[in-house]
Amino acid sequence: MCIRDSLHTCGIGTDDHVYCWGHDVYGQASPPAGEFRQVSAGYLLNSAITSDAGLLDWGFPSGGTPPSGAFIEVGAGRFHSCARSGAGAPACWGTNTDGQVIPPPGPFNQLAVGDTHNCGRREDFTLDCWGSNADGESTPPPDRFLDFSAGEAYTCGVTYDGDLLCWGADPMGKSRSMAHTFASVSAGIDKTCGLRTDGGFTCWGKYEGFAAGASAPTSHTISQVSRCAAYSGCGRLADGEVRCWGGEDVRLSEVPQGYFTQVSCGVNHACARREDGTLACWGYNLMGTGKATPPSGKFSQVSAGRTHSCGIREDGTLACWGAPGGDDDYGQASPPAGEFTQVS
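Residues numbered from 1 in each chain as written. Predicted model: local features only at pLDDT ≥ 70, side-chain atom pairs only at ≥ 80, totals over all residues. Heavy atoms only, no water.

Peer 1: Would you mind showing me how to read the side chain of S264 here?
Peer 2: As for its placement among the helices and strands, S264 is situated in strand β21 (residues 260-265). On the basis of relative accessibility, which here comes to 9%, the residue S264 falls in the buried class. Within polar-contact distance, the side chain of S264 engages the backbone nitrogen of A304 at 2.8 Å. With residues up to four places along the chain from it excluded, the contact list for S264 reads S226, A270, C271, V302, S303 and A304. (Helix = DSSP H or I, 4+ residues; strand = E, 2+ residues; numbered from the N terminus. Buried < 20%, exposed > 50% of the residue type's maximum accessible area, 1.4 Å probe, protein only. Polar contact = N/O pair within 3.5 Å; in protein donor to acceptor, adjacent residues only side chain to side chain. Contact = heavy atoms within 4.5 Å.)

Peer 1: I keep staring at the pairing of strand β5 (residues 55-59) and nothing clicks. Help me out?
Peer 2: Both faces of the sheet carry side chains from a regular strand, because those side chains alternate between them. With five bridges connecting them, strand β4 (residues 45-50) and β5 associate as antiparallel partners. By the bridge assignment, S47 is partnered in β5 with D57. (Pairing = 2+ DSSP bridges.)

Peer 1: How should the state of the cysteines be read in this particular structure?
Peer 2: Joining two cysteines, a disulfide is a covalent bond between their sulfur atoms. Applying the stated criterion across every chain yields a total of seven disulfides. Across a sulfur-sulfur distance of 2.1 Å, C82 and C92 are joined as a disulfide pair. Between C82 and C92, the disulfide has an S-S torsion of 105° and is therefore right-handed. Of this pair, C82 sits in strand β7 (residues 80-85) while C92 is found in strand β8 (residues 90-94), placing the two residues ten residues apart along the sequence. On the basis of relative accessibility, which here comes to 13%, the residue C92 falls in the buried class. Here C271 is linked by a disulfide to C281, with a sulfur-sulfur distance of 2.1 Å. On the sign convention where negative is left-handed, the bridge of C271 and C281, at about 110° about the S-S bond, is right-handed. Here C281 lies in strand β23 (residues 279-283) and C271 lies in strand β22 (residues 269-274), a separation of ten residues in the sequence. The two residues C271 and C281 agree in class, both being buried. (Disulfide = S-S within 2.5 Å.)

Peer 1: Explain the nonpolar core to me, please; I cannot follow it from the model alone.
Peer 2: One recurring pattern in soluble globular proteins is that nonpolar side chains are buried together. Ranked by size, the top nonpolar core spans twelve residues in total: C234, V242, C244, L252, V255, F260, V263, C265, A270, A272, A280 and W282. Secondary structure elements with two or more residues in this core: β20 (242-245), β21, β22 and β23. (Core = buried A, V, L, I, M, F, W, Y, C linked by side-chain atoms within 4.5 Å.)

As structure tokens, this is what we get:
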């Protein structure tokens, strides 16, 4: 699942139906009926793979129609989407301002969909990119890549040797190559994070100090990391402790004591699931949002957003809290009924 618009959320329930809630001005939170295998939420539109491996879109009218055929992977960008068939053939549709919906012939074994460009990994593990190339984001080096991610006007990838290479726009150092060896990488709008082979992680880009400050757990082995949108982040250590850094103005680093199985970082608050299934949230909680005040009970998963948070209870039902009302309330804290296996 990919969530790019922070004001709406989509998930696939245990009944294989898609459920969305939140900002719905273009119908992006009103999914069609039926059973689905995968859903990808873009900026104002969504793309999904149906139970019979077909494609279906809803939300903002991108100007394109999903192709027919059977597919195993789909990704939604800003105003376009791309999918990959079981044979590795790519197909893209939607807005075509920069050639982002005209892919080269496959086969590919993985796709990465960015805002206005995309990349695919060939069977020899080299990359081929298409779409906007104003800053060189669609001109990858001739290396073999284990992992790669397309951001906004730049791309990063991890080579077979563990080297992290980035190319494209670099106004804030977000596409700078690093000296460490890496296992995976995630490229965003103005910053990038990579998981190192030693279990640690490194982030760079806008407000780079948020990941390099004294409070960052650089000397520990990290089992999970969650980026915030306020130049901060949280990580779960191998022993279950959670450490956060940055966001000092909202006291994000003041993590409750205890051991946790999962952590999720929103814009300026975070939530984590304790070993006993109960939740703890901390950080910014003013203006009546209540987003850092979780309900009681036991949960199997939690996800923190901008003005709200959601969790899956042990019985599979959803609980959401936060959203102060007014312009910031689009129903994102009013989830549908039913049982769910994932929330984001």
